[in-house]
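# Overview (structure and organization)
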Amino acid sequence: MALIHKFHIQNGDVTYQSKFLRSDAYVQGLEQKRIVMSEFGTTAYPDPCKSIFSRLFSYFTPMSRPRTDNGNVHLMQVGEEYYAHTELPYIRKVDPRTLDSGKLKVDYQKYVAVNGATAHAQNDTDGTVYNMGTTYGKNGGYCLIKIPPPDKGEVENPLQKASIIAKIPQKYGAFPNYFHSFAMTENYFVFVEQPFYLNVLKIMAGPIFGYGVDWAFQFHKEIPTQFHVIEKATGKIRTTKYTADAMMTFHHINAYEDNGHLVMDLCAFAKMDAVFQFYLHNLHTWSKEEANAKLGDTDNYIARFVLPLNVPEDIPDDENLVKLSGTLASAIRKDDSIYCVPEILTDANFDLPRVNERYNGRKYRYIYGTDVYVCPFRLVKVDTETKEKIYWSEENCYTAEPVFVEAPNPTSEDDGVVLSAVIRAGEGKSTCFLLVLDGKTFTELGRAELSQPNKVPMQTHGIYVANM
Ligand SMILES: [Fe+2]
């Protein structure tokens, strides 16, 4: 169940607060003392009050069952409002001051024709929020959703004025592409159609056999990856077909335009093992050595793709169309597409990436992230120019996504601090502290330990809210 955490920093004091998101899944689960809605890797327990026949009947009408609104992935910001988000269509407003939730639940499906949207919406500089969703079925596809900035004082519904500005058709009807995020630059979006599919038939049949959504994932390494470039101003999908070798990604890092090229950095995997590493039974039974062996075998790397935006007709097949200096990425004409080979910025295990948000969509240099594929986890800073990496780690400590907070009147891109909520395990109990690192040197500036024992679970994504 989604637990919203907050570290509140004011006048040199740090206070910690957490509250469960009052989702329908949480409230009904408490009332009925069971998991009532299936989750990503967990199937709902059947209602003991139902007869065997009605339970069997409900298995054959799986789409009629309520889908979870347990917003445990990320928070989306629209104007001054915050919404707990998964990849299903339901979002729920959270008050960042009190962490109260429950009053406002919004369903994407009532405003735009999607069956779900990513938990990684992109906030543009003018206050517009963009997200990508999926429509399942015969005429299914991947939809770019535009959420205009709310009017002053307008708080009731962030999706009231939402619209779909582009739709990329789905190639295989019963196998929609799974994606977790997308790229945005000043003038373009990039949708990565990776050969990582959801088998809709398995999603529907999963509850019969006791499987969660994870059972429906399929990675097809024989199918190339395709990049779709969408123009921000018009929603027009560019006709140039960009392809790459099969890969999968959860998190885009950043993207920008540079001299007629579109540069796109992302955390890539050559295989899908990472999806299945974090099952509870693995975490309970693996030794540290086993965990490091399994997690280290995820073939994870930071890929920089460079897409030439203007491709002349008469270019010979073997000519590298990437004319940017200082990159090893290439792109050549191959059959009916532009085949892109990425530059591997670092082959270190790396995920949960963040950058200085002022550089989102713009040329940038530094990436912060967490190495979640080694025990204990490490925080990493990557210099994309020198390829230098700096780490922070501590015995038995498991770090969450590092959030960069810029200094007032900054003198450089990395002038600021990096915040991360850290779980310290061991001795049968865990404690938590907020870690503050120098954004340049990655040295520790301070930490705020929880003074009272508290059950703090593992954390992933986080946001910084100033002047609350
Ligand atoms: Fe994510």
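Residues numbered from 1 in each chain as written. Predicted model: local features only at pLDDT ≥ 70, side-chain atom pairs only at ≥ 80, totals over all residues. Heavy atoms only, no water.

### Topic: the environment of Phe179
This is how the line gets drawn: Helix and strand definitions follow DSSP, with helices as H or I runs of at least four residues and strands as E runs of at least two, each counted in order from the N terminus. Burial classes follow relative accessibility: with a 1.4 Å probe on protein chains only, a residue under 20% of its type's maximum area counts as buried, one over 50% as exposed, and anything between as partly exposed. Contact between two residues is taken to exist if any of their heavy atoms lie within 4.5 Å; hydrogens are not considered.
Tracing the sequence through the fold places Phe179 in the loop between strand 11 (163-169) and strand 12 (183-184). Judged by its relative accessible area of 7%, Phe179 is buried. Taking the C-alpha atoms as reference, Phe179 lies 8.6 Å from Met248; in sequence the two are 69 residues apart. The contact partners of Phe179, leaving out residues within four places of it in the chain, are Glu87, Thr118, Met132, Gly133, Thr134, Tyr142, Phe191 and Gln194.

### A look at the side chain of Gln122
Our working rule: By the criterion applied in these results, polar contacts are pairs of N or O atoms within 3.5 Å in which, for protein atoms, one can donate a hydrogen and the other can accept it, and in which residues neighboring in sequence qualify only through two side-chain atoms.
Note on placement: Gln122 falls in strand 8 (residues 122-123). Within the local environment of Gln122, its side chain forms a polar contact with the backbone oxygen of Phe182, the two atoms lying 2.9 Å apart. Contact partners of Gln122, with chain neighbours within four places excluded, come to Thr128, Val129, Tyr130, Phe182, Ala183, Met184 and Asn360.

### Quick notes on the coordination of the iron ion
Think of it this way: four donors in a tetrahedron around the metal ideally sit 109.5 degrees apart, and six in an octahedron ideally sit 90 or 180 degrees apart. Applicable threshold: Coordination here is defined by N, O and S atoms within 2.8 Å of the metal (3.2 Å for Na, K and Ca), and since water is not considered, a site can look incomplete. Each label reflects the angles at the metal, where four donors whose angles all fall between 85 and 135 degrees are tetrahedral, four or six donors whose opposite pairs open beyond 155 degrees and whose other angles stay between 65 and 115 are square planar or octahedral respectively, and the rest are irregular.
Coordination sphere of the iron ion, protein contribution only: His120 (NE2), His180 (NE2), His251 (NE2) and His461 (NE2), at 2.1 to 2.2 Å. Geometry at the iron ion is irregular, judged from the four donor atoms that bind it and their angles of 92 to 159° at the metal.

### A look at the environment of Tyr242
With respect to the helices and strands, Tyr242 occurs in strand 17 (residues 242-244). When its relative accessible area of 0% is taken as the criterion, Tyr242 is described as buried. Separated by 13 residues in sequence, Tyr242 and Val229 have C-alpha atoms that sit 8.6 Å apart. The residues touching Tyr242, leaving out its near neighbours within four places in the chain, are Thr225, Gln226, Phe227, Val229, Leu307, Pro308, Leu309, Ile338 and Cys340. Engagement of the side chain of Tyr242 in a polar contact is seen with the backbone oxygen of Pro308, the distance being 2.7 Å.

### What about the sheet that holds strand 26 (residues 378-383)?
Heads up, the rule is: Only strands that DSSP links by at least two bridges are regarded as paired with each other. All axes are obtained by fitting lines to C-alpha atoms, using only the stretch in contact for helices, and the reported angles, taken between N-to-C directions, cover 0 to 180 degrees.
Ordered by their spatial adjacency, four strands build an open sheet running 24-25-26-27, and the pairing between neighbours is antiparallel. Two strands bound the open sheet, and with one partner strand each, they are strand 24 (351-354) and strand 27 (389-392). Neighbouring strand axes in the sheet, compared pairwise and without regard to direction, differ in orientation by 25° on average. Inspection of the sheet shows strand 26 paired to strand 27 by four bridges, in the antiparallel sense. Residue pairing in the sheet places Leu379 in a bridge with Trp392 of strand 27.

### A closer look at the pattern of salt bridges
Which entries qualify depends on this criterion: We count a salt bridge whenever a side-chain nitrogen from Lys or Arg sits within 4 Å of a carboxyl oxygen from Asp or Glu.
All told, the structure shown has 27 salt bridges when counted by the stated rule. We note a salt bridge from Asp24 to Lys105, for which the minimum N-O separation is 2.7 Å. Of this pair, Asp24 sits in helix 1 (residues 24-32) while Lys105 sits in strand 6 (residues 101-107), and the two are 81 residues apart along the sequence. The exposure class of Asp24 is partly exposed, given its relative accessible area of 26%. Residue classification places Lys105 among the partly exposed residues on the basis of a relative accessible area of 34%. Here Arg354 makes a salt bridge to Glu357, at a shortest N to O gap of 2.9 Å. The class of Arg354 is buried, set by a relative accessible area of 10%. One continuous salt-bridge network, built from bridges that share partners, spans Glu394, Arg424, Glu444, Arg447 and Glu449.

### Some points on the packing of aromatic side chains
Stated precisely, the cut-off is as follows: Under the pairing criterion, centres of Phe, Tyr and Trp rings, with the six-membered ring standing for Trp, must be within 6.5 Å; the plane angle then separates stacked pairs below 30 degrees from edge-to-face pairs above 60, leaving the rest tilted.
Under the counting rule described, the total for this entry stands at 19 aromatic pairs. Look at Phe196 and Phe250: their rings are 6.4 Å apart centre to centre, the planes differ by 85°, and that puts the pair in the edge-to-face class. Separated by 54 residues along the polypeptide, Phe196 in strand 14 (residues 196-198) and Phe250 in strand 18 (residues 248-258) bring together distant segments of the chain. With a relative accessible area of 0%, Phe196 lands in the buried category.

### Description of the confidence of the model for the protein
Any residue range with low pLDDT should be treated as having predicted coordinates unsuitable for detailed reading. Rules: pLDDT: the predictor's confidence for each residue, scored from 0 to 100.
Residue-level pLDDT values for the protein average 88, and 94% of them are 70 or greater. When the criterion is pLDDT under 50, residues 51-64 qualifies, and its contacts beyond four places in sequence or with other chains add up to twelve contacts.

### Overview of the UniProt feature "binding site: Fe cation" (unreviewed entry) in the protein
The test is simple: UniProt positions are given in the numbering used here, feature names are shortened, and annotations may be inferred rather than shown by experiment.
Within this numbering scheme, the UniProt entry marks His120, His180, His251 and His461 as carrying the feature "binding site: Fe cation" (unreviewed entry). The largest pairwise C-alpha distance within this set of annotated residues, which runs over 342 residues, is 12.9 Å, so the set is compact in three dimensions. With respect to the helices and strands, His120 occurs in the loop between strand 7 (116-117) and strand 8. Ignoring any residue separated from it by four or fewer positions in sequence, one finds His120 in contact with His74, Asn131, His180, Ser181, Phe182, His251 and His461. Following the sequence through the fold, His180 ends up in the loop between strand 11 and strand 12.

### Considerations on the pairing of strand 18
Across the eleven residues of strand 18, ten count as buried, placing the element largely inside the fold. Sheet topology note: the strand 18/strand 19 (residues 261-269) ladder contains eight bridges and is antiparallel. Residue Ala255 lies in a different strand from strand 19, and its bridge partner there is Met264.

### Focus: the sheet that holds strand 22 (residues 337-341)
On the basis of which strands lie adjacent, the open sheet formed by six strands has the order 12-13-16-17-22-21 and mixed pairing. Only two strands of the sheet have a single partner each, and these edge strands are strand 12 and strand 21 (330-334). As defined by bridge partners, strand 13 (residues 188-193) adjoins strand 16 (residues 225-231) across six bridges and the pair is classed as antiparallel. From the neighbouring strand, Val190 faces strand 16, where its bridge partner is Val229.

### A short note on the side chain of Arg34
Residue placement: Arg34 occurs in the loop between helix 1 and helix 2 (52-59). Given a relative accessible area of 17%, Arg34 falls into the buried group. Reaching out from Arg34, the side chain makes a polar contact with the side chain of Gln32 at a distance of 2.6 Å.

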